[in-house]
Amino acid sequence: MANTPLPLTHHSDTASVVHELRPVTSTSTRRYGCLPCADAYHTTMAPGLPPRVSPKCKWLSFTHPEGQRYFQAQHDRFSIVTEENVLHEQTEESVSQCVAIIEKKVLECGVTLPQACELFVELWVDELPHATSTCAYYFIDHHSRSLFWLEPTSSELLDMGMLVSDSHMNTALERLYWVHVEFFPMHVCAQMAPDILDNLISVMSHGMIDRMTSRTSTFLYTEGKCGQFLQTLSLQRGRPLDGHILCFVARLWGAISNQRFMTYYGQENAQLDRLNSPMPEDTVDRPGIRALANLILLGVPNHYYFKLRDLFVHDQVYVDQWQAFMTDCISEWRGMYSWAFSVLMSVLILTMLPRASVTSAIVPILAASSSILSGSLLLLRHRSFEDATASFAARFLSAAKSSDWGFLPLSVVYSLPRTLYLWSVGLMVAQFLFWVSR
């Protein structure tokens, strides 16, 4: 197996020989990638009912609640799911080649497959330098709620994140399992344990109370979101699971499993407080430079510095904390815009008074104008940041955090509208006192 990702394109309908297997995860498929344009056309309708899928086809067709079609077939030793269009003969041949290669690999490796396992396959095409096909695959086991492969596989290459123990790896694999169930829920409803809904309600209830009673809870959803989820989930109690219910139940379990992985749930160093990092971090702080910046900027950067530091602990961002922070920032910048404009008008009026000095007005005019300009630029740059996702916020803060200065540069930038406004007020008062003394 190649150790580096292949340049990939979408599989064409032309049959091609599959040369190798490639272990992937349920989050690294091309499900949400760029799709080829649909080839729409008009046709002549034949008399009678339109034809359905040929009864000779071994593949069953299912439609995901979001609209994605997928296919499932029952093999002797496992079930198979794919999003490849196996109704096209060439594509079905390539998928069958994949399954045959995997069966051979199972026998060669002497792997004992669990009874309730399922195989996912996807065709990847490498067009450079020669057009070759790769079979991306993974197995899942419904009993252990885990993914597995037929060869030694690196968690780094699979982009599973850093691990601290085998049980931590199991949490990561469980999250990937729930992602798979979310993507392929329509055919497995009867196989799922009926307690997954009750357990989810229990976890959500605890998370809601934890959020309500702790300011630094590590649960991923706010109490308001938990309440909405619980209301919806409670309506499904006592009803048989169908594909639509299983889809959103699996999505919530996947999100919870991911958060458990990030907070080292069940590990010796579990993160119990949002502000405490479970792992040692390189804290970048320049106390001397920060003290000087706060002296010049009237102590305003410190407010933003500690806020930003608390927002981005262990490279994680809680979306409600980020949105509240951004809402406060944008509200303040808008307020400073109005107040600085009032100062600017006041300074200009002072320059029109008898015996007024135009020279003494230059500095407060520059300060007020700079406050307006910096506030305007920040508002323009942070447009729609109030509704940003946690992943977007994490990427933004990661890029904004300097390796040499930490969050000090961003703190200084965020503090400019208020600081310059305060300086303009002080300079306007000085201008007024100077006019009175003349």
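Placed above this text is the structure.
The structure contained in this document is the topic of the report that follows.

What counts and what doesn't
- Residues numbered from 1 in each chain as written.
- Predicted model: local features only at pLDDT ≥ 70, side-chain atom pairs only at ≥ 80, totals over all residues.
- Heavy atoms only, no water.
- Phe/Tyr/Trp six-rings, centres within 6.5 Å; stacked < 30°, edge-to-face > 60°.
- Buried < 20%, exposed > 50% of the residue type's maximum accessible area, 1.4 Å probe, protein only.
- Salt bridge = Lys/Arg side-chain N within 4 Å of Asp/Glu carboxyl O.
- Helix = DSSP H or I, 4+ residues; strand = E, 2+ residues; numbered from the N terminus.
- Pairing = 2+ DSSP bridges.
- Core = buried A, V, L, I, M, F, W, Y, C linked by side-chain atoms within 4.5 Å.
- Contact = heavy atoms within 4.5 Å.
- Patch = residues over 30% accessible without salt bridge, like charges linked within 9 Å, V, L, I, M, F, W, Y side chains within 5 Å.
- Areas by Shrake-Rupley, 256 points an atom, 1.4 Å probe, with all protein chains shown as cover.
- Axes fitted to C-alpha atoms, helices over the stretch in contact; angles between N-to-C directions.
- Parallel < 35°, antiparallel > 145°, perpendicular 65-115°, else oblique.
- Left-handed = near helix turned anticlockwise from the far one by under 90°.
- Nonpolar A, V, L, I, M, F, W, Y, C, P; charged D, E, K, R; others polar.

Turning our attention to the packing of aromatic side chains. Scanning the entire structure with this criterion turns up 23 aromatic pairs. Relative to Phe229, the ring of Tyr221 has its centre 4.9 Å away and its plane inclined at 75 degrees; by these criteria the two rings are edge-to-face. Residue classification places Tyr221 among the buried positions, given a relative accessible area of 17%. Judged by its relative accessible area of 23%, Phe229 is partly exposed. Residues Trp333 and Tyr414 carry aromatic rings whose centres are separated by 5.2 Å and whose planes lie at 65 degrees to one another, so their mutual orientation is edge-to-face.

Any two side chains of opposite charge can pair, on the condition that their charged atoms come close. The final tally for this structure, using the stated rule, is nine salt bridges. Taking the shortest distance from any N to any O, the salt bridge between Glu66 and Arg31 comes out at 3.5 Å. Of this pair, Glu66 sits in the loop between β2 (60-63) and β3 (69-74) while Arg31 sits in the loop between β1 (18-23) and β2, and the two are 35 residues apart along the sequence. Judged by relative accessible area, Arg31 falls into the buried class, the value being 7%. The closest approach of N and O atoms between Arg251 and Glu66, which form a salt bridge, is 2.8 Å. Linking Arg251 in helix α5 (residues 243-262) with Glu66 in the loop between β2 and β3, this pair joins segments that are 185 residues apart in sequence.

The next point concerns the pairing of strand β4 (residues 79-82). Residues Ser79 and Val81 point to one face of β4 and Ile80 and Thr82 to the other, with burial holding for every one of them. With four bridges joining them, β3 and β4 adopt antiparallel strand pairing. Each bridged residue has a counterpart across the sheet, and for Phe71 the counterpart in β4 is Thr82. The hairpin turn running from β3 into β4, its antiparallel successor, is four residues long.

This part takes up the nonpolar core. Soluble globular proteins tend to pack their nonpolar side chains together in the buried interior. Formed by 68 residues in total, the largest nonpolar core has its most connected members in Ile102, Val121, Tyr137, Phe139, Met192 and Met204. Setting aside chain neighbours within four positions, we find Tyr137 in contact with Leu21, Arg22, Pro23, Val24, Ile102, Leu119, Phe120, Val121, Trp149, Leu150 and Glu151.

With that out of the way, let us pick up a nonpolar patch on the surface. Together, Val429, Phe432, Leu433 and Val436 give the surface a local cluster of nonpolar side chains, amounting to about 350 Å² of exposed area. Counting through the fold element by element, Phe432 comes out in helix α11 (residues 408-437). Judged by relative accessible area, which is 38%, Phe432 ranks as partly exposed.

Right, let's talk about the packing of helix α8 (residues 319-351) against α11 for a bit. Across the interface, α8 lies against α11 with an axial gap of 9 Å and an inter-helix angle of 25 degrees. On the basis of the axis angle, α8 is roughly parallel to α11. Seen along the crossing, α8 lies across α11 with a hand that is left-handed. Facing Phe325, Met326, Glu332, Trp333, Met336, Trp339, Ala340, Val343, Ser346, Val347, Leu350 and Thr351 of α8, the residues of α11 in contact are Tyr414, Pro417, Arg418, Tyr421, Ser424, Val425, Met428, Gln431 and Phe432. Taken together, the residues of the contact of α8 with α11 sort by class into 15 nonpolar, four polar and two charged.

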